[in-house]
Amino acid sequence: MKLRRLLGVMVKELRQMRRDRITLAMIIGIPVMQLLLFGYAINTNLRDLSAGFADQARTSASRALARDIAATGVVAPVLEAETPQQLTEAMRRGEISIGIVIPPDFERRRAEGREAMQILVDGSDNAVQSAAAQLARMPLDGAAFQPLATSSISVVSFYNPQRSSAVNIVPGLVGVILTMTMVLFTAVAIVRERERGNMELLIATPVTSTELMVGKVIPYVVIGLVQTAMVLALGTTLFAVPLGGSLLDVFIAASLLIVANLTLGLLISTAAQSQFQAMQVTFFVFLPSILLSGFMFPFAGMPRPVQWLAEVLPLTHFLRLIRGVMLRGASVWELWPEVVALLVFSVVMMTGAILRFRKRLD
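Everything quoted here is computed from the prediction, not taken from an experiment.

1. Comments concerning the packing of aromatic side chains
All told, the structure shown has two aromatic pairs when counted by the stated rule. When the ring of Phe 158 is compared with that of Tyr 159, the centres are 5.9 Å apart and the planes differ by 45°; the resulting orientation is tilted. Here Phe 158 falls in the partly exposed class, since its relative accessible area comes to 25%. A residue is classified by how much of its surface remains accessible, and Tyr 159, at 23% relative accessible area, is partly exposed.

2. Examining helix H7 (residues 165-187)
Since the α-helix advances by 3.6 residues per turn, residues separated by three or four positions end up pointing in the same direction. Over its 23 residues, H7 extends 32 Å from the first C-alpha to the last, a length consistent with the 33 Å expected when each residue adds 1.5 Å. Considering bend angle alone, the principal kink of H7 is centred on Gly 172 and spans about 30°.

3. Here we look at the pattern of salt bridges
The final tally for this structure, using the stated rule, is 11 salt bridges. Glu 89 serves as the salt-bridge partner of Arg 92, at 3.5 Å between the closest nitrogen and oxygen. In this pair, Arg 92 and Glu 89 both sit in helix H4 (residues 84-92), three residues apart, roughly one turn of the helix. Assessed through its relative accessible area of 22%, Arg 92 is described here as partly exposed. On the accessibility criterion, Glu 89 (38% relative accessible area) is partly exposed. A salt bridge links Glu 95 to Arg 93; the nearest nitrogen and oxygen atoms lie 2.9 Å apart. Given the relative accessible area of 42%, Glu 95 is considered partly exposed. Salt bridges linked by common partners bring Asp 105, Arg 108, Arg 109, Glu 112 and Arg 114 together as one network.

4. Brief notes about helix H14 (residues 314-326)
If you check H14, its first and last C-alpha atoms are 18 Å apart, about what 13 residues at 1.5 Å a residue would give, namely 18 Å. A large share of H14 lies buried, amounting to 12 of its 13 residues. Within H14 the residues assigned to the buried category are Pro 314, Leu 315, Thr 316, His 317, Phe 318, Leu 319, Leu 321, Ile 322, Arg 323, Gly 324, Val 325 and Met 326. Turning to H14, the residues buried within the fold contact H7, helix H10 (209-238), helix H11 (247-271), helix H12 (275-292), helix H13 (304-310) and helix H15 (336-356).

5. Side note on the packing of H11 against H15
The geometry of H11 relative to H15 is characterised by a closest axis approach of 8 Å and an angle of 25° between their N-to-C directions. Judged on the interaxial angle alone, H15 and H11 are roughly parallel. For the pair H11 and H15, the crossing hand works out as left-handed. Each of Leu 256, Leu 257, Val 259, Ala 260, Thr 263, Leu 264, Leu 266, Leu 267, Thr 270 and Ala 271 in H11 lies in contact with H15, whose residues at this interface are Val 339, Leu 342, Leu 343, Phe 345, Ser 346, Met 349, Met 350, Gly 352, Ala 353 and Arg 356. Split by residue class, the contact of H11 with H15 holds 15 nonpolar, four polar and one charged.

6. Considering the packing of H7 against H10
The contact between H7 and H10 brings their axes to 10 Å, and the two run at 155°. Viewed along their axes, H7 and H10 adopt a mutual orientation that is roughly antiparallel. By crossing handedness, the relation of H7 to H10 is classed as right-handed. Between H7 and H10, the contacting residues are Val 170, Val 174, Ile 177, Leu 178, Thr 181, Met 182, Phe 185 and Thr 186 on the first element and Lys 216, Tyr 220, Ile 223, Gly 224, Gln 227, Thr 228, Val 231, Leu 232 and Gly 235 on the second. Broken down by class, the residue content of the contact of H7 with H10 amounts to 10 nonpolar, six polar and one charged.

Calculation criteria
Residues numbered from 1 in each chain as written. Predicted model: local features only at pLDDT ≥ 70, side-chain atom pairs only at ≥ 80, totals over all residues. Heavy atoms only, no water. Phe/Tyr/Trp six-rings, centres within 6.5 Å; stacked < 30°, edge-to-face > 60°. Buried < 20%, exposed > 50% of the residue type's maximum accessible area, 1.4 Å probe, protein only. Helix = DSSP H or I, 4+ residues; strand = E, 2+ residues; numbered from the N terminus. Expected span 1.5 Å × (residues − 1). Bend = angle between axes of the 7 residues up to and from the residue. Salt bridge = Lys/Arg side-chain N within 4 Å of Asp/Glu carboxyl O. Contact = heavy atoms within 4.5 Å. Axes fitted to C-alpha atoms, helices over the stretch in contact; angles between N-to-C directions. Parallel < 35°, antiparallel > 145°, perpendicular 65-115°, else oblique. Left-handed = near helix turned anticlockwise from the far one by under 90°. Nonpolar A, V, L, I, M, F, W, Y, C, P; charged D, E, K, R; others polar.

Any functional reading would require information that these geometric values do not contain.
Printed below as a string of structure tokens:
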């Protein structure tokens, strides 16, 4: 092995890397992204969980207790209800994560040392259950009264009372698998045609850009639904993950994510110059999706600007959909904001892919 030849190859690779802007961006961007995500965006301490209050006592002490709970910063009041049933309905629709119930005879219960407050928890997210337990241990003064004893607080967990990790992870895993595979499949679609020399054949055909883009998406929708069925079958068989809602709603939610990811992959494919570049960009998209969507880390614990960024990611909305349908028994139409978000994302990505694609070799 000659040192001169070795140096020549090294210089050639460095020059090629300098010309490859996407690779250069990955070399710098991925470490910076990981540093920012783990150092700034990801926070395991839950704050500002959406909460509903049902103050049936309506006394000065009960109102003071509600203010004390809000002052902890763990919850953010977004709903006032009359009954616990209204809180559970709002929780099923995904409007709140925690419900606080103060009974009509609050002061008498407290004086007698009985259960004086009930915390209703959305157990489809294990992190929320941990936050509720933390809230129950906090000293709550309740105005003129002594701090409310922990024994006077009842925590009721809905949808996953056993706090099984599989119940929380398997529905989200459907979205993670679909995000990883669907984006990658279509990200290399156009590039592969160019690298294999098939672009000349496509140019010679009367197929329009729109027809080509849609035609490449549809077969992968079927593949994505097969993947969804496999994960659901294994999850329900091996881990006893419940299916609280309609199986049709599950596949509708999965279809929305599949189409969103496929259109994103097509847009990447029109920009990448090689299959290797397409895979690099796919990883660049997959990393924030899995970290910021709420699959691995609590969404509510992230800073507000990071939450705004996460709202752009399809996986964020799918996790709310699939957990709502599978674990809380809601329908996709009750969770219509997430449906609209995925549809808008798909339309924008598909439009961008069609506008960027040109049937020519240059």
